[in-house]
Structures are given as structure tokens and as C-alpha cells.
Amino acid sequence: GLALSHCVGANSLGPAGPWRSGGPCKMKRVRTVFKPEQLERLEQEFLKQQYMVGTERVDLAATLHLTETQVKVWFQNRRIKWRKQSMEQKAAKLSQFGVIQPATADSTDIKDHEEDTVDVEL
């Protein structure tokens with residue numbers, strides 16, 4: 001599961017469930033800090049394939065001592081980073097030839113690929 005930090009706020013009445021949106025107690029998910037060895041292996045796997053599902057993801061998570069969700073989210077975030085880098089490289093090449101890209105292209109392209117956030121199990 002996801003780790004949650006303790007209740008934030010001076011006049012808190014105890015930890016709230018993650019389903020509660022209001023009140024004086026705000027729960028915050030603790031950010032996963034990956035070890036360099038884990039990042040190196042995740043990057044190696046990403047170079048082989050940008051999508052990892054099913055038993056491959058389960059096996060990689062077990063090998064790296066991570067949860068399946070942590071591996072899934074890392075791949076989602078890495079695909080977004082990869083797309084952004086690809087678009088920036090494309091824009092740089094086009095600008096060399098005097099072709100100007102619309103300023104809103106980046107945000108539109110990322111919105112078009114929000115299906116990455118859907119968890120598909122095979």
C-alpha cells in the first residue's frame with residue numbers, strides 16, 4: 001500500500017482516513033525514494049520496453065523489493081518524461097529549420113496520452 005505521513009496541523013484530532021477530504025487533518029502520501037541500484041534496473045527495463053504489465057511487473061517489483069504499484073507508477077512517470085523529452089527534441093530540430101511550434105503543443109500532447117494512468121492487467 002501507500003505510506004501516509006502523520007496528521008499535519010496544530011489542532012488535529014487524530015489521523016483521518018485517506019477518503020476524507022476536509023477537516024483539520026490532511027494526510028500526505030510519503031514520496032518513494034528509489035535506491036540508485038533500483039533506478040538503474042528500472043531504466044534498463046524501460047529501454048527494453050516502455051510498458052510493463054502482468055507477471056513481468058510483479059517479478060521486477062519482487063526483485064527490486066518494491067511494490068507492484070511503485071513499479072507501475074514509475075513506468076507511467078517515465079513514459080511522460082520520455083514523451084516530453086521527445087517533443088523537446090522535435091521542437092529543437094524544427095526550430096533549426098525555422099519552423100515554429102505552437103506554445104500549447106506540449107500540454108495538448110500530454111493530455112492526449114492520459115490513458116497511461118489506467119492500470120491494465122493481463
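Source: prediction; values computed, not measured.

Student: What is the right way to read the confidence of the model for the protein from this model?
Tutor: Close inspection of predicted coordinates is inappropriate in any region flagged by low pLDDT. The pLDDT averaged across the protein works out to 76; a share of 61% of its residues lies at or above 70. At the level of individual helices and strands, the protein shows its lowest average pLDDT in helix α4 (residues 105-112), which scores 47, and its highest in helix α1 (residues 36-48), which scores 97. For residues 105-122, every residue scores under 50 in pLDDT, and the model assigns this stretch 19 contacts once sequence neighbours within four places are set aside.

Student: Whenever I open this one, unusual backbone geometry confuses me. Can you help?
Tutor: Leave glycine aside and you will find that most residues have negative phi; peptide bonds, for their part, are mostly trans. Positioned with a positive phi, His-65 is a non-glycine residue whose angle comes to about 60 degrees. Note that His-65 resides in the loop between α2 (54-64) and α3 (68-96). For His-65, a relative accessible area of 72% translates into the label exposed.

Student: Explain the packing of α1 against α3 to me, please; I cannot follow it from the model alone.
Tutor: Two numbers describe how α1 lies on α3: the axes approach to 11 Å, and their chain directions differ by 60 degrees. Every pair of crossing elements has a handedness; the one defined by α1 and α3 is right-handed. Between α1 and α3, the residues in contact are Leu-39, Leu-42, Glu-43, Glu-45 and Phe-46 and Val-71, Trp-74, Phe-75, Arg-78, Arg-79 and Trp-82, respectively. In the contact of α1 with α3, the residues fall into seven nonpolar, no polar and four charged.

Rules used in this analysis
- Residues numbered from 1 in each chain as written.
- Predicted model: local features only at pLDDT ≥ 70, side-chain atom pairs only at ≥ 80, totals over all residues.
- Heavy atoms only, no water.
- pLDDT = per-residue confidence, 0-100.
- Helix = DSSP H or I, 4+ residues; strand = E, 2+ residues; numbered from the N terminus.
- Contact = heavy atoms within 4.5 Å.
- Buried < 20%, exposed > 50% of the residue type's maximum accessible area, 1.4 Å probe, protein only.
- Axes fitted to C-alpha atoms, helices over the stretch in contact; angles between N-to-C directions.
- Left-handed = near helix turned anticlockwise from the far one by under 90°.
- Nonpolar A, V, L, I, M, F, W, Y, C, P; charged D, E, K, R; others polar.

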